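Each chain, written out:
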Amino acid sequence: MEERTPLLHYRLATSFAPNPGDVSEGTRLQSAKDAPRSASPKLGVMFGVVIPTLLSMFSVVLFLRIGFVVGQAGLYQSITMFVVAYFIITMTVLSICAISTNGALEAGGAYYMISRALGPEFGGSIGIMFFLANVCGCALYILGLVEAIMFTFGVPEESTAAFTGFHQMLPSGYWWCLFYGTILLFLCFVVCLVGAHIYAKATFIIFIIVLTVLASVFTSFFIMGPTVVILPEASLSNSTSRRTANYTGLWLSTLKGNLFSNYTVDYTTGGVMNFARVFAVLFNGCTGIMAGSNMSGDLKNPSYSIPRGTLAAVLTTFIVYNLLSLLAAGSCDCYLLQRDYSFLGDINVWPPMVTVGIYSSTMSAAMSNLIGASRILYALAKDNLL
């Protein structure tokens with residue numbers, strides 16, 4: 001069996017031996033079918049799997065919710081949550097590795113692997129679920145991007161300040177946010193229509209930007225001195241709420257104060273947090289592991305690239321998330337972590353740097369999910385399951 005030979009053949013003609021006179025014709029047709037495939041540009045491990053997976057996992061949670069997780073659950077429970085979440089996704093990744101190295105891989109990602117291993121009945125039902133999951137994941141990242149844009153450029157809905165800033169010019173409100181999200185989603189749709197190769201080239205630039213932002217974030221924890229952070233007005237529930245919080249720098253006393261959980265009311269939803277709710281938010285940051293598998297039709301050697309690239313991305317994100325949680329717990333007051341989702345920008349050596357990282361990573365993750373959804377939809381239609 002060749003590497004390109006699928007585990008299950010769905011065409012009835014393949015179950016019969018060809019006539020001797022048809023061999024040359026079949027060979028000619030197969031060569032013609034494979035010619036465009038070999039001539040088209042293909043992606044390797046780094047550009048095709050590692051970078052898309054990293055950018056899908058480094059998105060909303062990394063820049064906007066890591067403080068929320070540590071501030072509510074404490075460092076001990078935060079690390080426990082990451083261990084549980086990564087145990088779950090590691091089992092999924094190992095299953096992907098087993099299937100991807102067991103036969104041919106073409107366009108369709110996880111759906112193609114499952115349908116060729118377990119049959120079209122399982123593959124079709126799971127493929128539709130994966131399609132919906134990618135669509136919902138794209139919506140998640142778009143909403144996170146809109147939230148970040150409105151935080152910086154939006155006019156506060158209930159602002160008591162006479163002057164909000166010259167850069168705060170975008171109208172706020174539910175329908176305005178829906179309009180902004182629609183525009184961003186349309187941009188992702190255009191990239192999806194152009195092709196995955198344009199996206200792969202763009203992700204390298206985005207990846208460099210995200211690496212630069214992460215470097216500035218980690219560096220800021222060590223070079224920034226103690227400072228008082230003015231909390232965003234949206235987090236002030238009433239006039240008696242504290243309007244400032246402390247960034248102490250790396251101090252042992254600050255770390256001790258953030259070791260245990262301190263569940264309180266979330267200022268964006270108004271609900272009382274608990275372990276399950278915080279874990280639900282955190283687990284969104286551990287998703288995105290299918291970004292590399294969804295690019296299976298654009299990889300040079302999918303059976304080689306998907307296992308190694310996905311495992312490398314998962315290990316990298318696990319280390320980064322835990323290091324960032326440790327540094328946040330050891331340098332930021334618990335009240336700051338709970339009341340300022342964008343605290344990484346407030347304590348950064350150059351605050352706009354984090355904003356650029358949020359915009360880049362969330363937009364890239366949204367495009368990756370939308371491309372994955374289109375690949376699955378194409379594979380489902382190709383197998384006449386839609």
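None of these values were measured; they are calculated from a predicted model.

Some points on the packing of aromatic side chains
Point 1. Using the criterion set out here, one finds 14 aromatic pairs in the structure.
Point 2. With centroids separated by 6.2 Å and ring planes inclined at 85 degrees, the aromatic side chains of Trp-176 and Phe-179 adopt a geometry described as edge-to-face. Within this pair, Trp-176 and its partner Phe-179 are both found in helix 6 (residues 174-194), separated by three residues, close to a single helical turn.
Point 3. Phe-179 sits in the partly exposed class, given a relative accessible area of 44%.
Point 4. An aromatic cluster is built from Phe-58, Phe-82 and Tyr-321, whose rings are joined through pairwise contacts.
Point 5. We note Arg-242 situated over the ring of Tyr-335; from NZ or CZ to the ring centre the distance is 4.4 Å.

Let's talk about helix 6
Given 3.6 residues to a turn, an α-helix orients residues that are three or four positions apart in the same direction.
Point 1. Along its 21 residues, helix 6 runs 31 Å from first to last C-alpha, staying within 8% of the 30 Å computed at 1.5 Å per residue.
Point 2. For helix 6, the complete set of buried residues consists of Tyr-180, Gly-181, Leu-184, Cys-188 and Cys-192. Projected down its long axis, helix 6 carries its buried residues within an arc of 130 degrees, all on one side. Counted as exposed and oriented over 90 degrees from the buried face of helix 6: Trp-175, Phe-186, Leu-193 and Val-194.
Point 3. Where helix 6 is buried, its residues contact helix 5 (120-153) and helix 13 (352-382).

Looking at the pairing of strand 2 (residues 244-247)
Point 1. Of the two faces of strand 2, only the one carrying Ala-245 and Tyr-247 is buried; Thr-244 and Asn-246 on the other face are not.
Point 2. Across four bridges, the pairing between strand 1 (residues 227-230) and strand 2 is antiparallel. Opposite Val-228, over in strand 2, you have Asn-246 as the bridge partner.

Considerations on the pattern of salt bridges
Point 1. Across all of its chains, the model carries two salt bridges by this definition.
Point 2. Here Glu-147 makes a salt bridge to Arg-65, at a shortest N to O gap of 3.1 Å. Of this pair, Glu-147 sits in helix 5 while Arg-65 sits in helix 3 (residues 60-100), and the two are 82 residues apart along the sequence.
Point 3. Taking relative accessible area as the criterion, Glu-147 reaches 34% and is therefore assigned partly exposed.
Point 4. In this structure, the salt-bridge partner of Asp-333 is Arg-242, at a minimum N-O distance of 3.7 Å.

What about the confidence of the model for the protein?
Point 1. With 80% of its residues at a pLDDT of 70 or more, the protein has an overall mean of 79.
Point 2. By mean pLDDT, the top-scoring element of the protein is helix 8 (residues 252-257) (94), and the lowest-scoring one is helix 1 (residues 23-39) (43).
Point 3. Residue range residues 1-40 is modelled with pLDDT below 50. Its contacts to residues more than four positions away, or to other chains, number 34 contacts.
Point 4. Overall, residues 159-163 carries pLDDT values under 50, and its contacts beyond four positions in sequence, including any with other chains, amount to four contacts.

About the criteria used
Residues numbered from 1 in each chain as written. Predicted model: local features only at pLDDT ≥ 70, side-chain atom pairs only at ≥ 80, totals over all residues. Heavy atoms only, no water. Phe/Tyr/Trp six-rings, centres within 6.5 Å; stacked < 30°, edge-to-face > 60°. Helix = DSSP H or I, 4+ residues; strand = E, 2+ residues; numbered from the N terminus. Buried < 20%, exposed > 50% of the residue type's maximum accessible area, 1.4 Å probe, protein only. Lys NZ or Arg CZ within 6 Å of the ring centre and 35° of its normal. Expected span 1.5 Å × (residues − 1). Arc of directions from axis to C-beta. Contact = heavy atoms within 4.5 Å. Pairing = 2+ DSSP bridges. Salt bridge = Lys/Arg side-chain N within 4 Å of Asp/Glu carboxyl O. pLDDT = per-residue confidence, 0-100.

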